[in-house]
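Fold and contact review
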Amino acid sequence: MLDAHAKPLVEITGMCKWYGDFSALFDINLTVHEGEKVVVCGPSGSGKSTMIRCINQLEAHQKGTIRVDGVEVSPELKNIEGIRREVGMVFQSFNLFPHMTILDNLTLGPTRNRGISKKEARDLAMHYLERVHIAEQAEKYPVQLSGGQQQRVAIARALCMKPKVMLFDEPTSALDPEMIAGVLDVMIELAEEGMTMIVVTHEMGFARKVADRVVFMDQGEIIEVAEPEQFFSNPQSDRAQLFLSQLLGH
Amino acid sequence: MDRNSPPPAPPRKRLTIVDYLLFASVIGLIVFASYRVNDVLVYHWNWSRVFGFIIRFDEETGSWVANLLMYGLATTLRLAVWGTIFATIIGILMGYWRTVDNLTLRIISRSYVELVRNIPPVVFIFIFYFFISSQLFPALGVDDIDRDGYIVNTWAFWILFGDPALLSNFLAGVLCLAMFEGAYVTEIVRAGIQAVPKGQWEAARAIGLSRTNVLKDVILPQALRKILPPMAGQFITLIKDSAIVSLISIQELTFLATEVAATTTKVFETWILVGAMYFVLCYSFALLFAWLERRAARSRR
């Protein structure tokens, strides 16, 4: 599955973050290589979202280093936009721009950041809308779409920037059960095409199927990193065992 | 039961005895007030003298021409339009500064808002007028404008700025009003920006938009849509507030009305008439904005 010689895309070393006096993340070390799919799981409040939001600096970390494709990211970095363009992000609450059509949501980034023409951006957007099976909705506004459709648009919007790595922050948590499958299918297709992905999710079926590694976090620390088979059948730490029994045990 | 049967009619709203009593007492009050004015003050109404200051018959040309109060109304309208434009520019800039991380910008915008809001408008306008008329305009050379210049001596200039001879007077009024109302617009804009969900900022940043584009493409369009109703209200307030610049001799409706009232000694007629003119102006705009809002709401679906 994973090429041993793949270059590291995201390298987090000794990262810490506090909210006031509260230690939100402590000594996070994680390296994600090109083409690798990492699923991050753990109880709520364990710092999963905060960790991936530090990668594109939606949240600032206070200690340690984060490198994206070799470039260190920090709050002081002048060209943080340059990094963000390489890192796609999908949010729990979709966050589509409600005042724009679906198509405009997708073309905004490429036309503003990549300096490409409206026509090219449109073709690019339609290409990705087709990939997420939603091309016929291009002229509609976000409110006219179901949650699942909106989330697929959000994925397409991120893909339009041709990112090197995709971050997913609980992409299916805000969806009705019947909408989840469509979004997961798109993510699985994306994984099969070789996209580097870091996914915070509670969808253990997805983790089993797609992940190269599962990262288990609790109380702001990485407790366990394992291949999915091993993690699900034989978790090493007590906390992971407890978490899995709560998740699967009913 | 038939699913297709129409729903029961809603209960009709009727006027009750209390409503009729209220109407009667309001009418009674009006009658009483007019009786007092006519009987106790021994006031002689003479509307025709005042109407002559709206339009008058010009003997020389043999046609009806606009008179002082119409000029005043036109100036008030110009003041309102330019005042709104500048107040909006100031308000968007300062309103954005109110929300940024940079401490200096926050201090500047906060000081501006608090300064204007905590000084009576009249006092603010006297101080600010002194500054612009003694410092700003001489520096800009507004008073030395060429009245026969090819830009100045045109219809467009007259429509936009009025009489070139009164240009510095008019601009002083516009600037005072804009600075004053800008503070209130600032607070509206700030509230609008803060009402845009945090997720919109994050999504815009996440696709790598620059700071300017985050604001221009994502945040402001949504914020401005949210603040359209209070902004419309502020614009109408601005029309009414424009009356205070009469105190620095800006020749708008209230200033000219003072002159008309003094000349004719018909105080009640003049001010009732001017009140009606303000009402028509403001209420027209209120209707216009209400219509625009309905349209905006519909186009958004």
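Residues numbered from 1 in each chain as written. Chains lettered and ligands numbered in written order. Predicted model: local features only at pLDDT ≥ 70, side-chain atom pairs only at ≥ 80, totals over all residues. Heavy atoms only, no water.

1. Some details on the overall build of chain A
Here is the rule: Numbered from the N terminus, helices here are DSSP runs of H or I no shorter than four residues, and strands are runs of E no shorter than two. Two things to know: the radius of gyration comes from C-alpha atoms, and the globule rule equals 2.2 Å times the number of residues to the power 0.38. Contact definition: two residues touch when any of their heavy atoms are within 4.5 Å. Each accessible area value is a Shrake-Rupley result obtained with a 1.4 Å probe; residue values ignore everything except the protein chains displayed when judging cover. Positive charges come from Lys and Arg, negative ones from Asp and Glu, while His and the chain ends are left out of the count. All charge positions are set by atom: Lys at NZ, Arg at CZ, Asp at CG, Glu at CD.
Summing up its helical and strand segments, chain A has nine helices and ten strands in all. In terms of overall dimensions, chain A is globule-like: its C-alpha atoms have a radius of gyration of 18 Å, near the 18 Å expected for 250 residues. Taken along its principal axes, the extent of the C-alpha atoms in chain A is 55 × 45 × 40 Å. The long-range share in chain A, meaning contacts at least 24 apart out of those at least 6 apart in sequence, stands at 65%. Only carbon and sulfur atoms are counted for the fraction: they give 48% of the accessible area of chain A, which is about 10900 Å². Charged side chains of chain A number 25 positive and 34 negative; the gap between the two group centres comes to 7 Å.

2. A closer look at the overall build of chain B
Selection criterion: Relative accessibility decides the category of a residue: with a 1.4 Å probe and only protein chains considered, values under 20% of the type maximum give buried, values over 50% give exposed, and everything between is partly exposed.
A tally of helices and strands in chain B yields twelve helices and two strands. When its helices and strands are written in sequence order, chain B yields α-α-β-β-α-α-α-α-α-α-α-α-α-α. Taking 2.2 N^0.38 as the reference for a compact globule, 301 residues should give roughly 19 Å; the C-alpha atoms of chain B span a radius of gyration of 25 Å, well beyond that estimate. The buried share of chain B, reckoned over its 301 residues, is 38%.

3. A look at the pattern of salt bridges
Worth spelling out the cut-off: A pair is scored as a salt bridge if a Lys or Arg side-chain nitrogen falls within 4 Å of a carboxyl oxygen belonging to Asp or Glu.
Per the stated rule, a full pass over the model turns up 18 salt bridges over all chains. Between Glu59 of chain A and Lys17 of chain A there is a salt bridge, and its shortest N-O distance comes to 3.9 Å. With a gap of 42 residues between them, Glu59 of chain A in the loop between α1 (48-55) and β4 (63-68) and Lys17 of chain A in strand β1 (residues 8-19) connect regions that are remote in the sequence. Accessibility assignment for this pair places Glu59 of chain A and Lys17 of chain A in one class, buried. With its nearest N and O atoms 2.7 Å apart, the salt bridge here joins Asp123 of chain A to Lys119 of chain A. Placement of both Asp123 of chain A and Lys119 of chain A in helix α4 (residues 118-131) is noted, with a separation of four residues, approximately one turn of the helix. Given the relative accessible area of 42%, Asp123 of chain A is considered partly exposed. Taken together, the shared-partner salt bridges connect Lys17, Arg53 and Glu59 of chain A together with Lys198 and Glu202 of chain B into one network.

4. A few points about the interface of chain A and chain B
Threshold: Buried area is a sum: the accessible area each of two parts loses on coming together, probed at 1.4 Å, counted once for each and added. Under the rule applied, a polar contact is a pair of N or O atoms within 3.5 Å (in protein, one hydrogen donor and one hydrogen acceptor; residues adjacent in sequence only if both atoms are side-chain atoms).
Between chain A and chain B, the contact holds 23 residues from the first and 21 residues from the second. Carbon and sulfur atoms supply 56% of the area buried between chain A and chain B, which totals about 1800 Å² over both sides. The three residues of chain A that bury the most area against chain B are Phe97, His99 and Arg112 of chain A, which together make up 29% of that side's buried surface. Taken together, chain A and chain B are joined by two salt bridges. At the surface where chain A touches chain B, the tally comes to eight residue pairs in polar contact (both at pLDDT 80 or more). Elements with a minimum of two residues in the side of chain A that touches chain B: α2 (80-84), β6 (87-90) and α3 (102-113) of chain A.

5. Brief notes about helix α8 (residues 198-206) of chain B
Taken across its nine residues, α8 of chain B has seven buried, putting it largely inside the fold. Within the span of α8 of chain B, buried status applies to Gly199, Gln200, Trp201, Glu202, Ala203, Ala204 and Ala206 of chain B. On its buried face, α8 of chain B sits against α1, α2, β6 and α5 (147-159) of chain A together with α7 (167-195) and α9 (211-226) of chain B. Just past α8 of chain B, the residue Gly208 of chain B takes up positive phi, approximately 85°.

6. Some details on the nonpolar core
Counted only if it meets this: We call a set of buried Ala, Val, Leu, Ile, Met, Phe, Trp, Tyr and Cys residues a nonpolar core when their side-chain atoms join them within 4.5 Å.
Within the largest apolar cluster, 104 residues are counted, with the highest numbers of intra-cluster contacts made by Met51 and Ile198 of chain A together with Leu69 of chain B. Ala135, Met204, Ala207 and Ala240 of chain A belong to the second-largest nonpolar core, a separate cluster that totals 51 residues.

7. Comments concerning the sheet that holds strand β5 (residues 71-73) of chain A
All names here are of chain A. Put simply, the rule is: Two strands pair under a simple rule: DSSP has to find at least two bridges between them. Axis lines are fitted through C-alpha atoms, for helices just across the contact stretch, and the angle between N-to-C directions can take any value from 0 to 180 degrees.
As summarised here, the arrangement of the four strands in space is β2-β1-β4-β5, forming an open sheet in which the pairing is antiparallel. Since the sheet does not close on itself, it has two edges, and those belong to β2 (22-33) and β5, each with one partner. Direction aside, the axes of adjacent strands within the sheet are offset by 25° on average. By the bridge criterion, five bridges tie β1 to β4 in an arrangement that is antiparallel.

8. Description of the packing of aromatic side chains
Residues and elements named next belong to chain B. Condition: Centres within 6.5 Å make a pair out of two Phe, Tyr or Trp rings, where for Trp the six-membered ring is used; the pair is then stacked when the planes are under 30 degrees apart, edge-to-face when over 60, and tilted otherwise.
What the rule picks out here adds up to 14 aromatic pairs over all chains. With a centroid separation of 5.2 Å and 15° between ring planes, the pair formed by Trp82 and Phe161 is classed as stacked. Separated by 79 residues along the polypeptide, Trp82 in helix α3 (residues 68-97) and Phe161 in helix α6 (residues 155-161) bring together distant segments of the chain. Centroid distance Phe124 to Phe180: 6.2 Å. Interplanar angle 35°. Geometry classified as tilted. Of this pair, Phe124 sits in helix α5 (residues 121-140) while Phe180 sits in helix α7, and the two are 56 residues apart along the sequence. Given the relative accessible area of 8%, Phe124 is considered buried.

9. Here we look at the environment of Phe235 of chain B
Position of Phe235 of chain B among the secondary structure elements: in helix α10 (residues 228-241). Beyond its immediate sequence surroundings of up to four residues, Phe235 of chain B is in contact with Ala80, Val81, Thr84, Phe285 and Phe289 of chain B.

10. Let's talk about the confidence of the model for chain B
Worth spelling out the cut-off: In predicted models, pLDDT denotes the confidence assigned by the predictor to each residue on a 0 to 100 scale.
Put simply, chain B has an average pLDDT of 87, and 98% of its residues get 70 or more. Quick note on the complex model: pTM equals 0.81, ipTM equals 0.91.

11. What about α10 of chain B?
Selection criterion: To estimate the expected span of a helix, subtract one from its residue number and multiply by 1.5 Å.
Given a rise of 1.5 Å per residue, 14 residues ought to cover 20 Å, and the 19 Å separating the end C-alpha atoms of α10 of chain B matches this to within 8%. Of all the residues in α10 of chain B, the buried ones are Met231, Ala232, Gln234, Phe235, Ile236, Leu238 and Ile239 of chain B.

12. Re the side chain of Thr201 of chain A
All names here are of chain A. Within the secondary structure, Thr201 sits in the loop between β8 (196-200) and α7 (204-210). In this structure the side chain of Thr201 is engaged in a polar contact, spanning 3.0 Å, whose partner is the backbone nitrogen of Glu203. Other than its neighbours up to four places away in sequence, Thr201 contacts Val39, Val40, Cys41, Thr172 and Phe206.

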